[in-house]
Amino acid sequence: VQLQASGGGLVQAGGSLRLSCAASGRTFSDLTVGWFRQAPGKEREFVATTRGRGGVTAYADSVKGRFTISRDKAKNTVYLQMASLKPEDTALYYCAAGLRLILSSIRSSTSYDYWGQGTQVTVSS
């Protein structure tokens, strides 16, 4: 599985960005695709995820209500629409994919076998 993340940038607080994660090499519907982020000096943390089968989505409490994850089957792409951005959202954002993840494990980075390169999101105050 190959993942290509894009869409990061510099935005003012309160603004919006949409990240994209294009997947190839595996049946898209088999994949659970998630977004994680890592700020300087901090551990990588879960942001959001979507399972291919069943349509389950999950969000970190810190982004719930502001971020929306979605998937476009025709384009084999998962999107992370980010709104009402805050300076604390500044981080390197990674998309990741895994197969046959059970629900209890979808927030754990160790459950994902495939990782894209990061895309930087910087929110200025």
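Below is a summary of the structure that appears in this document.

Looking now at the overall build of the protein. For the protein, the count of helices and strands is zero helices and 11 strands. Taken from the N to the C terminus, the helices and strands of the protein come in the order β-β-β-β-β-β-β-β-β-β-β. Over its C-alpha atoms the protein spans a radius of gyration of 13 Å, differing by no more than 12% from the 14 Å that the globule rule assigns to 125 residues. Once the C-alpha set of the protein is aligned to its principal axes, its extents read approximately 40 × 30 × 25 Å. Of all 125 residues assigned to the protein, the portion counted as buried reaches 43%. In the protein, the proportion of contacts linking residues at least 24 apart, taken out of those at least 6 apart, comes to 59%.

As a further point, take the sheet that holds strand S7 (residues 67-72). With respect to topology, four strands assemble into an open sheet ordered S1-S3-S8-S7, the strand pairing being antiparallel. In this open sheet, the two strands that pair with only one neighbour each are strand S1 (2-6) and S7. Taken over all neighbouring pairs, the strand axes of this sheet differ in orientation by 15° on average, direction set aside. When S1 meets strand S3 (residues 17-24), the two strands line up antiparallel, connected through five bridges. Bridge pairing in S3 links Gln2 to Ser24.

Counting 37 residues, the largest nonpolar core has Trp35, Val47, Phe67, Leu80, Met82 and Tyr93 as its most contacted members. For this core, the element with the highest residue contribution is strand S9 (residues 91-99), accounting for six residues.

As a further point, take the pattern of salt bridges. Overall, the coordinates contain four salt bridges when judged by the stated rule. A salt bridge links Glu45 to Arg37; the shortest N-O distance between them is 2.6 Å. Using a relative accessible area of 5% as the deciding quantity, one classes Arg37 as buried. In this structure, Asp89 engages Arg37 in a salt bridge whose closest nitrogen and oxygen atoms are separated by 2.9 Å. Here Arg37 lies in strand S4 (residues 31-38) and Asp89 lies in the loop between strand S8 (77-82) and S9, a separation of 52 residues in the sequence. Salt bridges sharing partners connect three or more residues here, namely Arg37, Glu45, Arg66 and Asp89.

Parameters at a glance
Residues numbered from 1 in each chain as written. Predicted model: local features only at pLDDT ≥ 70, side-chain atom pairs only at ≥ 80, totals over all residues. Heavy atoms only, no water. Helix = DSSP H or I, 4+ residues; strand = E, 2+ residues; numbered from the N terminus. Rg over C-alpha atoms; globule rule 2.2 N^0.38 Å. Buried < 20%, exposed > 50% of the residue type's maximum accessible area, 1.4 Å probe, protein only. Contact = heavy atoms within 4.5 Å. Pairing = 2+ DSSP bridges. Axes fitted to C-alpha atoms, helices over the stretch in contact; angles between N-to-C directions. Core = buried A, V, L, I, M, F, W, Y, C linked by side-chain atoms within 4.5 Å. Salt bridge = Lys/Arg side-chain N within 4 Å of Asp/Glu carboxyl O.

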